[in-house]
Amino acid sequence: MTGPVDGRGRPVLTIDLDAVASNARLFAARASGALMAVVKAEGFGLAAVAVAEIALANGATWLGVATLDEALALRRSGLTAPVLSWLNAVDSAFEEAILHGIDLAVPGREHLLAVGAASAAVGRPARIHLQADCGMARDGSPKHGWTTLCALARRAESQGLVRVVGIMGHLGCAADPADACNAQGRRTFADAVRVAVLRGLRPAHRHLAATAATLNDPLSHHTMCRVGVGLAGIDPSGSTSLASPVTLRAPVVSVRDVLSGTPVGYSHSWRAPSKTRLALVPVGYADGLPRSASNRAQMFVRGRRCSVAGLISMDQSVIDVGSLDVVPGDEVTIFGPGSSGEPTVLDWARWAGTIEHEIVTGIGSRVVRRVRRSDDGSLG
Ligand SMILES: *Cc1c(COP(=O)(O)O)cnc(C)c1O
(Lines give C-alpha, C1' and ligand atoms only; values in the text may rest on other atoms or scores of the structure.)
Protein backbone atom coordinates (compact mmCIF):
# COMPACT_ATOMS: atom_id res chain seq x y z
CA MET A 1 0.00 0.00 0.00
CA THR A 2 1.56 3.29 -1.01
CA GLY A 3 -1.18 5.63 0.19
CA PRO A 4 -4.89 6.08 0.45
CA VAL A 5 -6.61 4.25 -2.37
CA ASP A 6 -10.13 5.54 -1.96
CA GLY A 7 -9.31 8.86 -3.56
CA ARG A 8 -10.72 10.91 -0.71
CA GLY A 9 -9.51 14.45 -1.07
CA ARG A 10 -7.42 13.57 -4.10
CA PRO A 11 -7.72 13.84 -7.85
CA VAL A 12 -9.53 10.79 -9.23
CA LEU A 13 -9.74 9.46 -12.75
CA THR A 14 -12.96 7.49 -13.07
CA ILE A 15 -13.00 4.86 -15.80
CA ASP A 16 -16.42 3.76 -16.94
CA LEU A 17 -15.96 0.18 -18.09
CA ASP A 18 -19.41 0.07 -19.67
CA ALA A 19 -18.25 2.78 -22.07
CA VAL A 20 -15.16 0.69 -22.90
CA ALA A 21 -17.41 -2.36 -23.36
CA SER A 22 -19.66 -0.52 -25.77
CA ASN A 23 -16.67 0.71 -27.77
CA ALA A 24 -15.25 -2.84 -27.88
CA ARG A 25 -18.56 -4.17 -29.21
CA LEU A 26 -18.65 -1.47 -31.89
CA PHE A 27 -15.10 -2.31 -33.06
CA ALA A 28 -15.72 -6.06 -32.93
CA ALA A 29 -18.74 -5.51 -35.18
CA ARG A 30 -16.84 -3.23 -37.59
CA ALA A 31 -13.74 -5.42 -37.90
CA SER A 32 -14.13 -7.98 -40.67
CA GLY A 33 -11.78 -10.34 -38.81
CA ALA A 34 -10.64 -10.59 -35.21
CA LEU A 35 -10.26 -7.70 -32.78
CA MET A 36 -7.04 -7.11 -30.87
CA ALA A 37 -7.46 -4.80 -27.89
CA VAL A 38 -4.34 -2.65 -27.65
CA VAL A 39 -3.71 -1.79 -24.00
CA LYS A 40 -0.21 -0.28 -24.11
CA ALA A 41 0.67 2.66 -21.87
CA GLU A 42 -1.71 1.44 -19.14
CA GLY A 43 -4.53 1.06 -21.63
CA PHE A 44 -4.04 4.61 -22.92
CA GLY A 45 -3.76 5.98 -19.39
CA LEU A 46 -6.86 4.16 -18.06
CA ALA A 47 -6.09 0.78 -16.48
CA ALA A 48 -4.55 -1.87 -18.72
CA VAL A 49 -5.86 -5.00 -17.03
CA ALA A 50 -9.41 -3.71 -16.51
CA VAL A 51 -9.60 -2.49 -20.12
CA ALA A 52 -8.17 -5.80 -21.37
CA GLU A 53 -10.69 -7.84 -19.39
CA ILE A 54 -13.71 -5.84 -20.46
CA ALA A 55 -12.58 -5.81 -24.11
CA LEU A 56 -12.10 -9.60 -24.05
CA ALA A 57 -15.59 -9.97 -22.61
CA ASN A 58 -17.01 -7.83 -25.42
CA GLY A 59 -15.61 -9.24 -28.63
CA ALA A 60 -11.83 -8.88 -28.54
CA THR A 61 -9.85 -12.12 -28.75
CA TRP A 62 -6.29 -10.76 -28.74
CA LEU A 63 -4.32 -8.26 -26.66
CA GLY A 64 -1.57 -6.01 -27.97
CA VAL A 65 1.06 -3.95 -26.17
CA ALA A 66 4.27 -2.14 -27.04
CA THR A 67 6.71 -3.58 -24.51
CA LEU A 68 7.43 -6.97 -23.07
CA ASP A 69 7.00 -5.61 -19.53
CA GLU A 70 3.46 -4.61 -20.42
CA ALA A 71 2.82 -8.07 -21.87
CA LEU A 72 4.22 -9.85 -18.79
CA ALA A 73 2.05 -7.67 -16.53
CA LEU A 74 -1.02 -8.92 -18.40
CA ARG A 75 0.08 -12.52 -17.90
CA ARG A 76 0.79 -11.90 -14.20
CA SER A 77 -2.76 -10.64 -13.81
CA GLY A 78 -3.97 -13.99 -15.06
CA LEU A 79 -4.96 -13.12 -18.63
CA THR A 80 -4.46 -16.07 -20.94
CA ALA A 81 -5.57 -14.58 -24.28
CA PRO A 82 -2.97 -14.30 -27.06
CA VAL A 83 -0.75 -11.27 -26.42
CA LEU A 84 1.48 -9.57 -29.00
CA SER A 85 4.34 -7.24 -27.99
CA TRP A 86 5.86 -5.17 -30.79
CA LEU A 87 8.43 -2.74 -29.49
CA ASN A 88 11.46 -4.29 -27.84
CA ALA A 89 15.20 -3.78 -28.02
CA VAL A 90 17.27 -6.79 -29.08
CA ASP A 91 18.54 -7.40 -25.54
CA SER A 92 15.03 -7.74 -24.09
CA ALA A 93 14.04 -10.77 -22.00
CA PHE A 94 12.80 -12.77 -24.98
CA GLU A 95 13.26 -16.07 -23.08
CA GLU A 96 10.68 -14.93 -20.55
CA ALA A 97 8.38 -13.84 -23.38
CA ILE A 98 8.55 -17.27 -24.98
CA LEU A 99 7.98 -19.06 -21.68
CA HIS A 100 4.90 -16.93 -21.05
CA GLY A 101 3.51 -17.55 -24.52
CA ILE A 102 3.85 -13.95 -25.70
CA ASP A 103 3.98 -13.30 -29.44
CA LEU A 104 6.78 -11.02 -30.59
CA ALA A 105 7.01 -8.63 -33.52
CA VAL A 106 10.18 -9.05 -35.55
CA PRO A 107 11.13 -5.99 -37.63
CA GLY A 108 14.52 -7.16 -38.87
CA ARG A 109 17.39 -9.60 -38.94
CA GLU A 110 18.85 -8.57 -35.57
CA HIS A 111 15.57 -9.20 -33.80
CA LEU A 112 15.13 -12.51 -35.57
CA LEU A 113 18.58 -13.61 -34.36
CA ALA A 114 17.89 -12.45 -30.79
CA VAL A 115 14.50 -14.15 -30.65
CA GLY A 116 15.91 -17.29 -32.27
CA ALA A 117 18.71 -17.43 -29.66
CA ALA A 118 16.17 -17.04 -26.85
CA SER A 119 14.09 -19.80 -28.35
CA ALA A 120 17.12 -22.13 -28.54
CA ALA A 121 17.91 -21.30 -24.90
CA VAL A 122 14.47 -22.24 -23.61
CA GLY A 123 13.91 -25.08 -26.06
CA ARG A 124 10.65 -23.75 -27.43
CA PRO A 125 9.89 -22.00 -30.73
CA ALA A 126 8.96 -18.33 -30.47
CA ARG A 127 5.72 -17.19 -32.07
CA ILE A 128 6.57 -14.19 -34.22
CA HIS A 129 4.84 -11.59 -36.38
CA LEU A 130 7.09 -10.19 -39.09
CA GLN A 131 6.65 -6.43 -39.14
CA ALA A 132 6.69 -4.52 -42.42
CA ASP A 133 7.13 -0.77 -42.76
CA CYS A 134 4.04 0.42 -44.63
CA GLY A 135 5.09 4.01 -45.08
CA MET A 136 6.19 5.49 -41.75
CA ALA A 137 9.92 4.72 -41.79
CA ARG A 138 9.46 3.91 -38.15
CA ASP A 139 9.13 0.46 -36.67
CA GLY A 140 8.91 -2.17 -39.40
CA SER A 141 11.31 -3.63 -41.91
CA PRO A 142 11.98 -1.37 -44.88
CA LYS A 143 10.95 -2.79 -48.24
CA HIS A 144 14.49 -3.48 -49.39
CA GLY A 145 15.15 -5.84 -46.46
CA TRP A 146 11.82 -7.64 -46.51
CA THR A 147 12.53 -10.51 -48.89
CA THR A 148 15.69 -11.41 -46.99
CA LEU A 149 13.89 -11.17 -43.66
CA CYS A 150 11.20 -13.56 -44.92
CA ALA A 151 13.81 -16.01 -46.17
CA LEU A 152 15.71 -15.89 -42.86
CA ALA A 153 12.47 -16.35 -40.92
CA ARG A 154 11.58 -19.35 -43.06
CA ARG A 155 14.96 -20.87 -42.31
CA ALA A 156 14.59 -20.23 -38.58
CA GLU A 157 11.16 -21.83 -38.82
CA SER A 158 12.57 -24.95 -40.45
CA GLN A 159 15.16 -25.09 -37.65
CA GLY A 160 12.34 -25.09 -35.12
CA LEU A 161 13.36 -21.74 -33.64
CA VAL A 162 10.32 -19.66 -34.58
CA ARG A 163 6.82 -19.98 -35.95
CA VAL A 164 5.80 -17.10 -38.18
CA VAL A 165 2.18 -16.76 -37.11
CA GLY A 166 1.61 -13.22 -38.37
CA ILE A 167 2.54 -10.36 -40.67
CA MET A 168 1.87 -6.86 -39.39
CA GLY A 169 2.02 -3.32 -40.72
CA HIS A 170 0.85 0.09 -39.56
CA LEU A 171 -0.65 3.01 -41.50
CA GLY A 172 0.74 6.49 -40.99
CA CYS A 173 -2.17 8.61 -42.23
CA ALA A 174 -5.29 6.62 -41.34
CA ALA A 175 -6.69 9.55 -39.33
CA ASP A 176 -7.16 11.22 -42.72
CA PRO A 177 -9.04 8.60 -44.77
CA ALA A 178 -8.76 10.68 -47.95
CA ASP A 179 -4.97 10.72 -47.87
CA ALA A 180 -3.45 8.77 -50.79
CA CYS A 181 -0.84 7.38 -48.41
CA ASN A 182 -3.47 4.93 -47.12
CA ALA A 183 -3.85 3.16 -50.45
CA GLN A 184 -0.08 3.15 -50.81
CA GLY A 185 0.29 1.61 -47.33
CA ARG A 186 -2.30 -1.05 -48.15
CA ARG A 187 -0.40 -1.95 -51.33
CA THR A 188 2.89 -2.16 -49.46
CA PHE A 189 1.28 -4.48 -46.92
CA ALA A 190 -0.33 -6.68 -49.58
CA ASP A 191 3.06 -6.95 -51.33
CA ALA A 192 4.71 -7.86 -48.02
CA VAL A 193 2.22 -10.68 -47.45
CA ARG A 194 2.67 -11.91 -51.02
CA VAL A 195 6.46 -12.02 -50.65
CA ALA A 196 6.15 -13.84 -47.32
CA VAL A 197 3.95 -16.51 -48.88
CA LEU A 198 6.28 -16.84 -51.87
CA ARG A 199 9.12 -17.45 -49.40
CA GLY A 200 7.18 -20.33 -47.91
CA LEU A 201 5.64 -18.63 -44.86
CA ARG A 202 2.03 -19.31 -43.89
CA PRO A 203 1.08 -16.48 -41.51
CA ALA A 204 -2.43 -17.13 -40.15
CA HIS A 205 -2.74 -13.53 -38.93
CA ARG A 206 -2.32 -10.50 -41.21
CA HIS A 207 -3.00 -7.17 -39.52
CA LEU A 208 -2.62 -3.57 -40.57
CA ALA A 209 -5.54 -1.48 -39.27
CA ALA A 210 -5.63 0.45 -35.99
CA THR A 211 -8.57 2.52 -34.69
CA ALA A 212 -8.99 4.98 -37.54
CA ALA A 213 -8.55 2.43 -40.33
CA THR A 214 -10.90 -0.01 -38.59
CA LEU A 215 -13.58 2.68 -38.72
CA ASN A 216 -12.91 4.09 -42.19
CA ASP A 217 -10.95 1.67 -44.32
CA PRO A 218 -12.42 -1.86 -44.58
CA LEU A 219 -9.84 -2.79 -47.23
CA SER A 220 -7.18 -2.58 -44.53
CA HIS A 221 -8.79 -5.08 -42.15
CA HIS A 222 -7.31 -8.41 -43.37
CA THR A 223 -7.61 -11.03 -40.58
CA MET A 224 -7.42 -8.71 -37.55
CA CYS A 225 -7.72 -5.06 -36.44
CA ARG A 226 -5.59 -3.67 -33.60
CA VAL A 227 -7.63 -1.10 -31.70
CA GLY A 228 -6.26 0.97 -28.86
CA VAL A 229 -7.30 4.56 -28.53
CA GLY A 230 -10.79 3.79 -29.82
CA LEU A 231 -11.49 1.72 -26.70
CA ALA A 232 -10.73 4.89 -24.72
CA GLY A 233 -13.45 6.63 -26.72
CA ILE A 234 -11.16 8.50 -29.09
CA ASP A 235 -11.51 8.36 -32.88
CA PRO A 236 -8.46 10.05 -34.42
CA SER A 237 -10.42 10.56 -37.66
CA GLY A 238 -13.32 12.26 -35.89
CA SER A 239 -15.74 10.21 -37.99
CA THR A 240 -17.47 8.09 -35.37
CA SER A 241 -19.02 8.94 -32.07
CA LEU A 242 -17.63 6.66 -29.36
CA ALA A 243 -18.44 6.43 -25.67
CA SER A 244 -16.00 8.37 -23.50
CA PRO A 245 -15.01 6.36 -20.42
CA VAL A 246 -12.87 8.93 -18.60
CA THR A 247 -13.72 11.61 -16.06
CA LEU A 248 -11.06 13.50 -14.11
CA ARG A 249 -12.22 15.18 -10.92
CA ALA A 250 -10.55 16.89 -7.98
CA PRO A 251 -11.77 18.74 -4.90
CA VAL A 252 -11.28 22.47 -4.45
CA VAL A 253 -8.51 22.91 -1.85
CA SER A 254 -9.16 26.56 -1.04
CA VAL A 255 -10.82 29.72 -2.34
CA ARG A 256 -9.95 33.40 -2.04
CA ASP A 257 -11.49 36.68 -3.12
CA VAL A 258 -9.10 39.00 -4.92
CA LEU A 259 -9.13 42.59 -6.10
CA SER A 260 -8.95 43.71 -9.70
CA GLY A 261 -5.36 43.56 -10.94
CA THR A 262 -4.24 40.74 -8.64
CA PRO A 263 -1.53 38.69 -10.40
CA VAL A 264 -1.91 34.91 -10.31
CA GLY A 265 0.70 32.16 -10.46
CA TYR A 266 4.25 31.96 -11.75
CA SER A 267 5.38 34.85 -13.94
CA HIS A 268 2.14 36.73 -13.25
CA SER A 269 0.85 35.73 -16.66
CA TRP A 270 -2.76 36.50 -15.62
CA ARG A 271 -4.21 39.37 -13.61
CA ALA A 272 -7.74 39.57 -12.34
CA PRO A 273 -9.65 41.83 -14.77
CA SER A 274 -11.96 42.79 -11.93
CA LYS A 275 -12.74 41.76 -8.38
CA THR A 276 -13.27 38.00 -8.45
CA ARG A 277 -13.00 34.68 -6.60
CA LEU A 278 -10.26 32.16 -7.27
CA ALA A 279 -10.31 28.45 -6.47
CA LEU A 280 -7.25 26.22 -6.06
CA VAL A 281 -7.41 22.80 -7.74
CA PRO A 282 -4.74 20.23 -6.74
CA VAL A 283 -3.91 19.05 -10.26
CA GLY A 284 -0.97 20.28 -12.29
CA TYR A 285 1.30 19.33 -15.13
CA ALA A 286 2.86 16.48 -13.11
CA ASP A 287 -0.64 15.01 -13.13
CA GLY A 288 -0.95 15.41 -16.86
CA LEU A 289 -2.54 18.81 -17.33
CA PRO A 290 -0.62 20.33 -20.22
CA ARG A 291 1.05 23.59 -19.14
CA SER A 292 0.53 24.82 -22.68
CA ALA A 293 -3.21 24.98 -21.93
CA SER A 294 -2.62 27.62 -19.24
CA ASN A 295 -4.81 30.71 -19.51
CA ARG A 296 -7.00 28.94 -22.10
CA ALA A 297 -8.35 25.78 -20.51
CA GLN A 298 -11.53 25.53 -18.47
CA MET A 299 -12.76 23.37 -15.60
CA PHE A 300 -16.30 22.69 -14.45
CA VAL A 301 -17.56 23.53 -10.97
CA ARG A 302 -21.05 24.21 -9.59
CA GLY A 303 -22.53 23.64 -13.05
CA ARG A 304 -20.33 26.22 -14.78
CA ARG A 305 -17.21 26.25 -16.87
CA CYS A 306 -14.50 28.41 -15.29
CA SER A 307 -11.23 29.48 -16.89
CA VAL A 308 -7.80 28.48 -15.71
CA ALA A 309 -6.16 31.65 -14.39
CA GLY A 310 -2.40 31.89 -14.79
CA LEU A 311 0.15 29.22 -15.54
CA ILE A 312 -0.66 25.63 -14.60
CA SER A 313 1.91 24.66 -11.94
CA MET A 314 3.42 21.25 -11.35
CA ASP A 315 0.91 20.22 -8.68
CA GLN A 316 -1.84 22.78 -8.83
CA SER A 317 -3.94 25.11 -10.93
CA VAL A 318 -6.06 28.15 -10.16
CA ILE A 319 -9.46 28.78 -11.72
CA ASP A 320 -11.40 32.01 -11.84
CA VAL A 321 -14.84 31.18 -10.49
CA GLY A 322 -16.13 34.76 -10.70
CA SER A 323 -19.11 35.22 -8.42
CA LEU A 324 -19.89 31.51 -8.01
CA ASP A 325 -20.33 30.42 -4.43
CA VAL A 326 -17.51 27.89 -4.56
CA VAL A 327 -16.24 26.54 -1.24
CA PRO A 328 -13.35 24.25 -0.26
CA GLY A 329 -14.26 20.64 -0.93
CA ASP A 330 -16.43 21.41 -3.96
CA GLU A 331 -15.94 18.94 -6.75
CA VAL A 332 -14.22 20.20 -9.91
CA THR A 333 -14.53 18.23 -13.13
CA ILE A 334 -11.46 18.78 -15.26
CA PHE A 335 -12.77 16.68 -18.11
CA GLY A 336 -15.47 14.12 -18.72
CA PRO A 337 -17.76 12.86 -21.50
CA GLY A 338 -19.18 16.40 -21.83
CA SER A 339 -22.77 15.39 -21.18
CA SER A 340 -23.23 17.87 -18.32
CA GLY A 341 -21.35 20.69 -19.96
CA GLU A 342 -17.94 19.81 -18.59
CA PRO A 343 -14.88 20.07 -20.84
CA THR A 344 -13.86 16.95 -22.76
CA VAL A 345 -10.52 15.35 -23.52
CA LEU A 346 -10.86 16.84 -26.99
CA ASP A 347 -11.28 20.34 -25.49
CA TRP A 348 -8.06 19.86 -23.51
CA ALA A 349 -6.24 18.59 -26.58
CA ARG A 350 -7.27 21.70 -28.50
CA TRP A 351 -6.35 24.05 -25.65
CA ALA A 352 -2.94 22.41 -25.50
CA GLY A 353 -2.42 22.17 -29.26
CA THR A 354 -2.07 18.40 -29.17
CA ILE A 355 -4.05 15.20 -29.78
CA GLU A 356 -6.40 13.46 -27.36
CA HIS A 357 -4.01 10.50 -27.03
CA GLU A 358 -1.47 12.73 -25.31
CA ILE A 359 -4.02 13.96 -22.77
CA VAL A 360 -5.24 10.51 -21.67
CA THR A 361 -1.84 8.82 -21.67
CA GLY A 362 -0.36 11.75 -19.77
CA ILE A 363 -2.52 11.44 -16.63
CA GLY A 364 0.08 11.01 -13.89
CA SER A 365 0.52 8.20 -11.39
CA ARG A 366 -0.56 10.45 -8.46
CA VAL A 367 -4.09 10.46 -9.84
CA VAL A 368 -6.15 7.65 -8.31
CA ARG A 369 -7.80 5.39 -10.89
CA ARG A 370 -11.29 4.25 -10.00
CA VAL A 371 -12.84 1.66 -12.25
CA ARG A 372 -16.61 1.67 -12.46
CA ARG A 373 -19.42 -0.28 -14.06
CA SER A 374 -22.36 2.02 -14.58
CA ASP A 375 -24.84 -0.88 -14.39
CA ASP A 376 -24.04 -1.82 -10.79
CA GLY A 377 -22.09 1.20 -9.63
CA SER A 378 -19.44 -1.09 -8.18
CA LEU A 379 -15.98 0.24 -7.52
CA GLY A 380 -12.91 -1.83 -8.20
C1 LIG B 1 -0.61 1.99 -30.72
C2 LIG B 1 -0.65 1.01 -31.84
C3 LIG B 1 -1.87 0.51 -32.28
C4 LIG B 1 -3.20 1.03 -31.79
O5 LIG B 1 -3.43 2.24 -32.46
P6 LIG B 1 -4.76 3.09 -32.16
O7 LIG B 1 -4.76 4.15 -33.18
O8 LIG B 1 -4.57 3.59 -30.78
O9 LIG B 1 -5.87 2.15 -32.28
C10 LIG B 1 -1.87 -0.47 -33.26
N11 LIG B 1 -0.71 -0.92 -33.77
C12 LIG B 1 0.49 -0.45 -33.39
C13 LIG B 1 1.71 -1.00 -34.01
C14 LIG B 1 0.57 0.55 -32.42
O15 LIG B 1 1.75 1.02 -32.05
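This is a predicted model, so every value here is computed, not measured. (Residues numbered from 1 in each chain as written. Predicted model: local features only at pLDDT ≥ 70, side-chain atom pairs only at ≥ 80, totals over all residues. Heavy atoms only, no water.)

A few words on the packing of helix α1 (residues 17-30) against helix α3 (residues 48-56). Close contact between α1 and α3 brings their axes to 9 Å; oriented N to C, the two are set at 45°. On the basis of the axis angle, α1 is oblique to α3. Of the two possible hands of crossing, α1 and α3 adopt the one that is right-handed. Mapping the contact onto sequence places Leu 17, Val 20, Ala 21 and Ala 24 in α1 and Ala 50, Val 51, Ile 54 and Ala 55 in α3. Grouping the amino acids of the contact of α1 with α3 by side-chain chemistry returns eight nonpolar, no polar and no charged. (Axes fitted to C-alpha atoms, helices over the stretch in contact; angles between N-to-C directions. Helix = DSSP H or I, 4+ residues; strand = E, 2+ residues; numbered from the N terminus. Parallel < 35°, antiparallel > 145°, perpendicular 65-115°, else oblique. Left-handed = near helix turned anticlockwise from the far one by under 90°. Contact = heavy atoms within 4.5 Å. Nonpolar A, V, L, I, M, F, W, Y, C, P; charged D, E, K, R; others polar.)

The next subject is helix α8 (residues 181-198). For an α-helix the count is 3.6 residues per turn, leaving residues at separations of three or four pointing the same way. Across its 18 residues, α8 extends 25 Å between first and last C-alpha, which sits within 8% of the 26 Å expected from 1.5 Å per residue. Those residues of α8 not exposed but buried are Asn 182, Gly 185, Thr 188, Phe 189, Ala 192, Val 193 and Ala 196. Summarising the axial view, the buried residues of α8 lie within an arc of 135°, below the 170-degree limit, and thus occupy one face. In α8, those exposed residues whose orientation departs by more than 90 degrees from the buried face are Arg 194 and Leu 198. Looking at the buried side of α8, the elements it contacts are α7 (143-158), β7 (162-168) and β8 (205-209). Directly beyond the C-terminal end of α8, a positive phi value near 95° is found at Gly 200. (Expected span 1.5 Å × (residues − 1). Buried < 20%, exposed > 50% of the residue type's maximum accessible area, 1.4 Å probe, protein only. Arc of directions from axis to C-beta.)

With 14 residues, helix α6 (residues 109-122) extends 20 Å between its outermost C-alpha atoms, agreeing within 8% with the 20 Å of an ideal straight helix rising 1.5 Å per residue. What α6 keeps buried is the set His 111, Leu 112, Ala 114, Val 115, Gly 116, Ala 118 and Ser 119. The inward-facing, buried residues of α6 contact α5 (94-99), β5 (102-106), β6 (126-131), α7 and β7. With its phi angle positive at about 70°, Gly 123 sits one or two positions after the end of α6.

Moving on: unusual backbone geometry. At Ser 267, a residue that is not glycine, the phi angle is positive and equals roughly 65°. Relative to the elements of secondary structure, Ser 267 occurs in the loop between β12 (263-264) and β13 (270-271). With a phi close to 50°, Arg 302 is a non-glycine residue in the positive phi region. Checked against the element boundaries, Arg 302 lands in the loop between β15 (298-301) and β16 (304-308).

On to the nonpolar core, then. Counting residues in hydrophobic clusters, the biggest one holds 114 residues, and the most contacted among them are Ile 128, Leu 130, Met 299, Ile 319, Ile 334, Phe 335 and Trp 348. Formed by six residues, the second largest nonpolar core is a distinct cluster that contains Val 258, Val 264, Trp 270 and Ala 309. (Core = buried A, V, L, I, M, F, W, Y, C linked by side-chain atoms within 4.5 Å.)

Per the counting criterion, the structure on display carries one aromatic pair. Directly above the aromatic system of Trp 86 lies the positively charged group of Arg 226, at a separation of 5.8 Å from the ring centroid. (Phe/Tyr/Trp six-rings, centres within 6.5 Å; stacked < 30°, edge-to-face > 60°. Lys NZ or Arg CZ within 6 Å of the ring centre and 35° of its normal.)

Our focus in this paragraph is the site of the ligand. If you check the shell around the ligand, you find Lys 40, Phe 44, Trp 86, His 170, Ala 210, Thr 211, Arg 226, Val 227, Gly 228 and Val 229 and nothing else. Within the backbone of Val 229, a nitrogen or oxygen atom sits 2.8 Å from an oxygen atom of the ligand. Bound to the protein, the ligand loses 90% of the 390 Å² it would expose on its own. Put simply, the parts of the chain that give the shell around the ligand at least two residues each are α2 (40-45) and β9 (224-227). Taken together, the residues that form the shell around the ligand break down as five nonpolar, three polar and two charged. (Near = heavy atom within 4 Å. Polar contact = N/O pair within 3.5 Å; in protein donor to acceptor, adjacent residues only side chain to side chain. Areas by Shrake-Rupley, 256 points an atom, 1.4 Å probe, with all protein chains shown as cover.)

With that out of the way, let us pick up the state of the cysteines. A covalent bond bridging the sulfur atoms of two cysteines is what the word disulfide describes. Under the criterion given, the structure shown has zero disulfides. The thiol sulfur of Cys 134 is not disulfide-bonded, and the nearest other cysteine sulfur, from Cys 181, lies at 10 Å. (Disulfide = S-S within 2.5 Å.)

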